[in-house]
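Each chain is listed here by its residues.
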Amino acid sequence: MYQFKVLPWQQLINASVITLVLASVIDYGLTLILPASSQVQIEAVLGPPWGLLSSAAIDMAIGILGVIILERVMEPRRRIQVSTLWGLVLCLLIALALRASLPIPGLFLGPFHQITIVGLLLGVFSKGQQYRR
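Residues numbered from 1 in each chain as written. Predicted model: local features only at pLDDT ≥ 70, side-chain atom pairs only at ≥ 80, totals over all residues. Heavy atoms only, no water.

**What about the nonpolar core?**
Soluble globular proteins tend to bury their nonpolar side chains together. With 25 residues, the main nonpolar core has Ile62, Leu70, Leu85, Leu88 and Val124 as its most contacted residues. Of all elements in the fold, only α2 (9–33), α4 (51–73), α5 (82–101) and α6 (114–127) reach the threshold of two or more residues within this core. Per-element accounting of this core gives the leading share, 8 residues, to α5. (Core = buried A, V, L, I, M, F, W, Y, C linked by side-chain atoms within 4.5 Å. Buried < 20%, exposed > 50% of the residue type's maximum accessible area, 1.4 Å probe, protein only. Helix = DSSP H or I, 4+ residues; strand = E, 2+ residues; numbered from the N terminus.)

**What about a nonpolar patch on the surface?**
On the surface, Tyr28, Leu32, Ile33, Leu102 and Ile104 cluster together into a nonpolar patch covering about 500 Å² of accessible area. Among the structural elements, Tyr28 can be located in helix α2. (Patch = residues over 30% accessible without salt bridge, like charges linked within 9 Å, V, L, I, M, F, W, Y side chains within 5 Å. Areas by Shrake-Rupley, 256 points an atom, 1.4 Å probe, with all protein chains shown as cover. Salt bridge = Lys/Arg side-chain N within 4 Å of Asp/Glu carboxyl O.)

**A closer look at the confidence of the model for the chain**
Here the chain averages 85 in pLDDT, while 97% of its residues score no lower than 70. Here helix α3 (residues 36–45) is the element of the chain with the lowest mean pLDDT, 75, and α6 is the one with the highest, 92. (pLDDT = per-residue confidence, 0-100.)

**Topic: the packing of α5 against α6**
Running from N to C, α5 and α6 cross one another at 145°; their axes reach a closest spacing of 10 Å. With respect to the hand of their crossing, α5 and α6 are arranged in right-handed fashion. Where α5 abuts α6, its residues Val82, Leu85, Trp86, Leu88, Val89, Leu92, Leu93 and Leu96 lie against Thr116, Ile117, Leu120, Leu121, Val124 and Phe125. Considering only residue class, the contact of α5 with α6 consists of 13 nonpolar, 1 polar and no charged. (Axes fitted to C-alpha atoms, helices over the stretch in contact; angles between N-to-C directions. Left-handed = near helix turned anticlockwise from the far one by under 90°. Contact = heavy atoms within 4.5 Å. Nonpolar A, V, L, I, M, F, W, Y, C, P; charged D, E, K, R; others polar.)

**Looking at the environment of Ile58**
Along the chain, the position of Ile58 falls in helix α4. In sequence terms Ile58 and Val118 are 60 residues apart; their C-alpha atoms lie 11 Å from each other. For Ile58, the residues in contact, after removing those within four places along its chain, are Leu46, Phe108 and Leu109.

**Considering the packing of α4 against α5**
As a packed pair, α4 and α5 sit with axes 11 Å apart at the nearest point and diverge in direction by 125°. The angle between α4 and α5 falls in the class oblique. α5 is crossed by α4, and the crossing has right-handed handedness. Side by side, α4 and α5 meet where Asp59, Ile62, Gly63, Gly66, Val67 and Leu70 of the first sit next to Thr84, Leu85, Leu88, Leu92 and Leu96 of the second. (Parallel < 35°, antiparallel > 145°, perpendicular 65-115°, else oblique.)

**Things to note about the side chain of Ser16**
On the secondary structure map, Ser16 appears in helix α2. Note on Ser16: relative accessible area 3%, which makes it buried. Among the polar contacts made by the side chain of Ser16, one reaches the main-chain carbonyl oxygen of Ile13 at a distance of 2.9 Å. Beyond its immediate chain neighbours, meaning those up to four positions away, Ser16 contacts Cys91, Leu92 and Ala95. (Polar contact = N/O pair within 3.5 Å; in protein donor to acceptor, adjacent residues only side chain to side chain.)

Quick look at the structure:
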């Protein structure tokens, strides 16, 4: 429990907010610049049967982006550890749940569901592999 209390929460929150703002801006920007016919084709690809797989891939990319941003946000004297990565997963999950409750249009960031957790875990821990030792 002590290790949970001493996590760099401010940097984890900052990294997750920056990650979700960046992902939301890209997602919303794509809806503005892509023609309607392309958006329909993308929505068809994101639907069944490939919907869960594409959602997991998008959430994995968000997890990877979260670790990259965390590496930039963390103080140079602090080392990222496995507990820090778990804290990042928690912050990203909360941020994604809050984002899903807002009426922000987009193509890729959709509702929050169980595959979101799997995608984030895969993304954070595949990119943070060097910190697991």
